[in-house]
Each structure stands twice: as C-alpha cells, then as structure tokens.
Amino acid sequence: MENNILEVKNLKMHYVSKYETVKAINDISFSVKKGETFGLVGESGCGKSSVCKTLLQLLPPNAKFMGGSIKYKGKELIGLSNKELQKIRGREISMSFQELMTALNPVTKVKEQIYEQFIGLKMTKQEKYAKAVNLLKLVGIPSPEQRLEEYVHQFSGGMRQRIMIAIALAAQPSMLLADEPTTALDVTIQDQIIKLINSLKETLGMSIILVTHDLGVVSQMCDSIAVMYAGSIVETGDTLTIFSKPRHPYTEGLIRSMPKDDGSKDRLESIEGAPPNLNNLPKGCSFAERCKYATEICINQMPPLKEVGENHYSKCFHTDLLINSKGLIEL
Amino acid sequence: MSEYTLKNNNSEVLLSVKHLRKEFPIKQTIFDIIQKKEKKKLTAVDDVSIDIYKGENLGIVGESGCGKTTFAKSAIQLYKPNSGEVFFEGIDITKVSRRELRKLCRNFQMIFQDPFSSLNPRMSVRDVLSEALTVHKIVEKSKVNTKIANLIDMVGLNIDQLDRFPGEFSGGQQQRIGIARALALNPKLIIADEPVSALDVSIQAQIINLIKDLQERLGITFIFISHDLRVVRYVTTRVVVMYLGKIIETADTEKLYRNPLHPYTKILLESNPNLDPRKREKKSLIEGEPPSPIDLPKGCRFCKRCKYAMDICHEKEPDLKEIRPGHKAACFKL
Amino acid sequence: MDIRCSAVADTSAKSFIEKKKQNILIDTFILILKSKALVIGLIIIGIMLVLALFPSVFTKFDPNYIDGNAIMLSPCTTHWFGTDMYGRDLFSRVIYATRLDLFIGVSAMFVPFAIGTSLGLISGYYGGKVDALIMRIVDILMSFPYMVLCIMIVAIIGAGIKSLLIAMWLVDWKNYARLIRSEVMIVKNSDFIQAAKVMGFSDKRILLRHILPNVLSSALVYAASDIVVCMMASAGLSFLGIGVQPPTPEWGALIALGKTSLSKSWWQSFFPGIFLILSGFGFSLIGDGMSDLLRTRGR
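Residues numbered from 1 in each chain as written. Chains lettered and ligands numbered in written order. Predicted model: local features only at pLDDT ≥ 70, side-chain atom pairs only at ≥ 80, totals over all residues.

(A) Representation of the overall build of chain C in the model. On a plain count of helices and strands, chain C comes out with 11 helices and 0 strands. Going residue by residue from the N terminus, the α and β elements of chain C occur as α-α-α-α-α-α-α-α-α-α-α. In terms of overall dimensions, chain C is more spread out than a globule: its C-alpha atoms have a radius of gyration of 24 Å, far above the 19 Å expected for 299 residues. Oriented by its inertia axes, the alpha-carbon framework of chain C measures out at about 90 × 50 × 25 Å. (Helix = DSSP H or I, 4+ residues; strand = E, 2+ residues; numbered from the N terminus. Rg over C-alpha atoms; globule rule 2.2 N^0.38 Å.)

(B) The arrangement of the sheet that holds strand 4 (residues 83–88) of chain B in detail. Residue and element names in this part refer to chain B. One open sheet accounts for 4 strands, arranged 2-1-4-5; its pairing is antiparallel. In this open sheet, the two strands that pair with only one neighbour each are strand 2 (41–53) and strand 5 (91–92). Pairing between strand 4 and strand 5: 2 bridges, direction antiparallel. Opposite F87, over in strand 5, you have D92 as the bridge partner. Relative to the sheet, helix 3 (residues 68–75) contacts strand 1 (13–25), strand 2 and strand 4, its axis offset from that of strand 1 by approximately 115 degrees. (Pairing = 2+ DSSP bridges. Contact = placed C-beta atoms within 7 Å. Axes fitted to C-alpha atoms, helices over the stretch in contact; angles between N-to-C directions.)

(C) View of the interface of chain A and chain B. Between chain A and chain B, the contact holds 37 residues from the first and 38 residues from the second. Those elements that provide at least two residues to the side of chain A that touches chain B are helix 8 (187–204), helix 9 (215–221), helix 10 (239–244) and helix 11 (249–256) of chain A. When residues of the side of chain A that touches chain B are assigned to their parent elements, the largest contribution, 7 residues, is made by helix 8 of chain A. Per-class residue counts for the side of chain A that touches chain B are 15 nonpolar, 14 polar and 8 charged. (Nonpolar A, V, L, I, M, F, W, Y, C, P; charged D, E, K, R; others polar.)

(D) How the structure looks around the arrangement of the chains. Interchain contacts are distributed over 2 pairs of chains, and the most extensive set of them lies between chains A and B. Structurally, chain A and chain C remain out of contact, their C-alpha atoms never closer than 13 Å.

(E) Spotlight on helix 8 of chain A. Between its first and last C-alpha, helix 8 of chain A extends 25 Å over 18 residues, near the 26 Å set by a 1.5 Å rise per residue. Looking only at helix 8 of chain A, the buried set comprises V187, T188, I189, Q190, D191, Q192, I193, I194 and I197 of chain A. Buried residues in helix 8 of chain A make contact with helix 7 (157–169), strand 7 (175–179), strand 8 (207–212) and helix 9 of chain A together with helix 9 (229–235) and helix 11 (263–271) of chain B. Of the residues flanking the end of helix 8 of chain A, it is G205 of chain A, one or two places downstream, whose phi is positive at about 65 degrees. (Expected span 1.5 Å × (residues − 1). Buried ≥ 20, exposed ≤ 12 C-beta atoms within 10 Å, placed from the backbone.)

Below you can see the structure in the form of structure tokens.
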C-alpha cells in the first residue's frame, strides 16, 4: 500500500536469559498510515512497549530478534547497521518516553538537550536558538526564551511532558512513538497534552504510534488501534469500530470492565484471572484460560487473525459468537 | 440514588472532622538561613470540615497534590494534624493518648495504592493475617485459622495460597491480600487510597466489584480516594472535590456528576477523556496548572485558572455554602 | 460481621500449617546448594571449624612444646609446616591458632553487629534528637582510621585478648549503625509500615517484626565480610604486638614471629598467612553467596 508509512510483518522478539525465554512479541503484523494515530492498547506486560523499542531497535542485549520485517517508507529496518539506524532514530522516527524524570537529563539545561537533536544538521548557533524557541512555542510553553535556560527539575509534570515532546519533534520526524505520554499526569493536564499532540499531528502531518492502556486516551487520540494481549495482537481495526463492535472476547471484556459514563451502577463484568506469564505461554490461544467463550479448540490451537469486517481483524475462533456484542458506545 | 440520599440524611455520623489543618514544614537551605528568609510551609489540608456518615462510600477526587490523601491520613491520625478536631463516637481522637489511639485505630483501616509495597515482603499471607488477628485479640487463639480461612475466602483468594509470600502474587491478588488484612480487624471505616489505579483495567473491575460487594455485605463505611473520575462515579455514594487543600464542592455522586456547580468541578469532569471517539474537542478547557501549595495566592485558590473570576475572587476566599439541599460549593459566582 | 465458617476450611487450614515449616527448610537448603560461592565458602569455613574444635585429632604435637633438637626445620614428613626458632611444630601452632582466630573474628563481629543494628534501627526509625546524637558519635568514630582507634584503646586499657576485643567492639558498630539506619529510613516510608501503624501495632512490634527482617539482609552480608576485617585487624594488632600475647598461637602473632627470619625460613610466616587468607576467602564467599540468596528470597 502506498500510503502506509510503516509496515510490520510477522514480527517476533524474545528475551532470552539463562533461566527462561520471555516471549515478548509473538508474530505481530500491523501497518500505520501516513498522518494517522495508531494505538497499541493493552495491559502492562503485554509487550506493547517492547514493540516500540523493537521498531527503533533500542533493545537490551538479551533480546533476540526471531524473525519478521519492519518496513519504514518501504525500507527494511531489520538488519541495518547501527550507523544507518542512527540516521533514522530521532530524524525519521522519534520517541517520547513515559518516565519523564529519568528520560530527561537532570544536569543539563533544556536548551542543550534540544540542541543535541540538531547534531549533524548544519546550523548556526542563531538558527539553533531560533528553532529551539519555536519548538517550545509549538508545544505551548510560555516565555520560551527564559525557560530554555532552565533545568528539568524547574518544570512541572505537564511542562516536562511538553519538553519531552519538543525534544522528540526537534529533528522534524515523520513518525512519533509516544509511550504512555499522559499516564503520570492529572486529568486536566492530560487533557491539555492530548489536545497538544492531536494538533501537532495535524499541523506537522506526522504519524503517531501511541502506546497506552487507557481506553479514554485511545478514544480521544487514535484513528485505528491494535489490542495486544500476551505478546500478540488480538484485534485490530479503526477505533470507532472496535469501541462499538468488539469482535474479540478480550477486547469485549476490557471494554465491559470499564464503568460507564451514564452513571449506571450495574455490576462490572470483570475478566477473571490474570494474564499468562510470557515465559510460559499456553499452546493454544493465550486468552483461552480466562475466556468465557473458550472451547476445546482454543486450548489446543492458536487461532488465526480473521477478517471480520472492513479493515477489522480478530484473532479468535469464535468471532461469530461476538457478532452482536455490545461495545462502549452505540453507533 | 434517592435511596442513598435518604440514608445519608437519616443515618448517624461515624466520623466528624472539624477545621482540620495539616502543614508540612519546608526544609531551609543554609542560604535561606543566612538570608534570614521566612520559614516556608506547605499547607496540604487547609481548614477542612466534613461529616462522614455510617455506611456511605465517600469519594474524594482532585488532582495530585490537592491534599486528598493527606486529608484522609490526618483524619485517622496517621499524620498528626496541626489543628482541628476529629470526633469518633463522641471522642476527639486528636486529643487521646497514643495507647488509646492505637486501640481506636482498629476501627480505621487503609487499602493502599501500590499493593506490593503495602505488604511486608518477608511475611506470608498467613503471617500478615494472623498477626492482625492475634495482636488485637480479635478472635480466640484456637479460632485464628478459621477466621483466616474466612477472610481469604471473602476476598476471593484460595486457601492453598496462604503460605506464599507477596512477591508470588499478581497485582490484583496482592490487592486482595491488602483488603483481607484491612478486614481482619473488623473496622468501621476503610480508607481506600487509589486502590485500583496501579492495576490493569481488567483487574480493576475485579477489585472494584469486590469492594462494592464487601461494602454491601459488611456495611463498612468507605472513603474512596481516586483520580479516576469514572471509577469514583461507579463506586461512591457521595463525592468531595478538593483543590489545593480545600473542599470546593460536595454532593451526592450522581447530583455532582450530572450537575456540577463549581467551575473547577465542571472542568475536571469534562477533562476526563470521553469514551466516544466521535466526540473530540479541539481545544483544552483549561490552561495552566495548579499553583504550588507553598505560598498560596490571596483570594480563591482557583481564580488564576478560572474564566469566570471576578474582582472579589482575587480578594476574598469563598466559603463552602449549601447551594441546593445536600449540595455545597465554594464559589462567589453561585 | 462475624462470619461463620465451615469445618472443612478449618481442617484444611490446619494441614497447611504443617506443610509450611517443611517447605521452608527444604527450600532454603535447595537455594543454598544452588549458589556455588556459598557452597565453597561453607566448605572452607566448615573445615576450619572442624580444625578449631578438634585440633588434637589432626596433630600429635603440643603447640607450645619446645624441642631443642628441631629448631627452624623446613617442612618435612614429621613437621608438615616445619618448626620455628624454638623448635615448636608450626602445623600444630597454626591449627591451634584457628580456634582463637575464628573466635576473635566472630565475636569481634557479633557484638558490634548487635549494637550497631539496634542503634541503627532506633536512629533511623525515630529520627530527631536521638538520631542526631547517635550519628554524631558515628561521625566521630568515622573520622579516625580503624586501626589507630583500636591501638589507642588498647594502649589505654592494656594489651591482651580481652582488651583487643573491647577495642574492636567499641569501634566497629558504627558501620552497622550507618548501614541499618539508611535502610530503615527507606523501609519506614513504605506502605506496609503505614499499614502496620494503621493496624495499631506498637513501635516495638513494627521495629522488630516489620522493619528488622527487611533491613537485616544487607547487615548480614556485611557481617560476613566484616569477620574477615576483624580477623585481619586482630592479626594486625597481634602482629604489632599489642593483641594476643606469646606464647598463645595466633596467626598474626605467628606471622610477626616469622618475619625476623623471613629470608632463612619462609615457612614460618607463609603457612599462617595462607590460613589467614583462606579463612578470609571463605567468609567473603559466604557473604557473597548470602547476598545473592537474600536478594532472590526478597523478590
């Protein structure tokens, strides 16, 4: 497809250590269109952050790449040398991290941290300064000239997230990986950041991969999403479709376990049990153990990713049973 | 909803907090002392008064640093409040001796945000529960095991997991252990401090259901502190909104969510990301961030961020007054 | 509020109590076997202990018997480690010294361990003036080198094993106090201590049942390596002639005795030195293994 900026096919990555093999990413495929926000949704430990790190190949030494391909603008990223990757990291695909306190350097000025992104671009000092001021303006930090000279600890949580985004955007990437950008923030600040990223996407024409567990944030930001469970994508499609008509039991359970916005006090439908350990995945469907629709086939065989609607896929044997399932919203 | 309203009006007060204030001193650096700067303090809870009724589930919402946890902890004397009174069954618990307090403490228990750090990593589930039961002699020695089995069953854990250590459980299970520990002392009030925010969505629902069930079965009063507005709406019967150490609005949950009065409450509720992807706003409703609780500005705490602010808002601090029956708010505009 | 319970739950609860004790013993044993460092360390120290407890089994010579016909013999089949300038059998002297050295090492470690741990607990938990007082004393002790302080104290109260131990007790606790204090400061802010306070537990119970088990591991690991330091220090002081007095055999004193004729009879200092190093090695391995073990258990 022409307008896909990123195509991931059959990606597999395991963390191998002396004692165990953690199957963090098990055969996942997805594509991100130009200018869209793509959400990777799932619970902690489902492998969503690992996907992000694999895309930029920022993996620890014990991570073993087990196959698949990552095509960015038609170019294969797997197997590139470190030097070639460095041209892509930051310039083409940039990442903003969740832990703001550790991801930003506490002992250098904000200015220096932004300038670092310009290394390799032939720019004069004045140009760099002007660009940095513009960046801070872009992410909505008031009096940028003064704040450029400050250190990270002088900023509040929301402002830090803005700086993080400014640094990620410094080299004008075509794609931003945002790892839980609003998780540590308060509701009102979260709202500001959501709106900031949404508007930046439009003005800069970027594509964004958003990693989050928060369905509210997903609904406000993402055009399409992939729901991950135990290292696999179990359902993918556009946000509206999945929120209104989920076709995978896990997605359905996830959506139903949220309290509704209408104030109803009906008992929440929780998913019993806990996700399986990634170092000891079952033979069949990894959700079978907790699934109310599960039959024998689910325990013995891995379900295929089936097309259940236009651009809507679900990795389940029993998608037919979910044809009338109710989502969070009604169309 | 109306059923709860009635209950609140009729039922008796369990804990009555009057003019509670808690300040934390800010450490001075050598330079501050040399320059003879005034000693600064952070006012976490500023003159808060509220009655907590028997059997209700009181939600406290607000952004981080608004003092919701400090308020709850100083109410049960986990932090020594700087001033104010807290009455429990007619006794002012801010004035009793330490020994007395320790006995009274049994009636107030807490559930913590981070389930792992709230459990002693070197004590098995059995140790945790039996300690609680034996120290306060809740049951006879011979019945401790029976009671433990009961508690474990009540929170939905399996009895063969009793001798495991906290590290061997998942987050949801750890939270269940924390709840069992709180229940062991037959408390009258449980403070749940963000009990589900460290848990995954699918596990959250399990714990929320458990808390609701327990409240219905045992009639324990809850103070439910959370920043998740959806969860608070689902769980609680009455809500208190706090902003920088003050209560700015309080009402029955549904009343407050359907008809918020204070401008801050309105913004807070609308900032909560809508679950409908079709309803996306372009602009954020509120600019800026809460001011620091050190050196608060004169006047209403919210005036700098409030679009309705008038002259008086910068001069005087509004009192919490009853706008409609059972619905109080602190704003001059009302 | 009080909920009735079935008899089934009761019996199964009881059966689990018995199971628990067995499991912990077996688990610990398996864990110990898994750590190579710990096993090797335990073997070395085990052999040392056997030597220390039953020295007469291994040697027929009296360590203090002076044999005029066997002065400064090099190692041979009768005198495995040779003899010293008085004709005493070095092997039996080294073996007999093991008991004293292990005793000094362990007791010089244990008392400061106990004092330092309790002071560290109190200091870290209560803070304020108590903390300030204890920590200032620690600071004073810290500002002198370890050996210099020991020599000073021994010089005041007179040489001998007793004063050697007293000197080490007075000086060594500071490390434990500091270590424990810093750990307590971290642990006391964790939620489970808050929970214990909410449960209305007494300070004593919180300190001993909840804080101590969680801060002890680092002190235990340090203690194992501290034994080495203590043994070295006592050997050093004896070497300087202010510790164990002759003719009592002690490794440090033996090395000191041999140093005058090192070029003629290397064995006099060599074999006690080897034993000193071996025991140090053994204890450090135990310390190392223990830190691994305690870390995995904590998780």
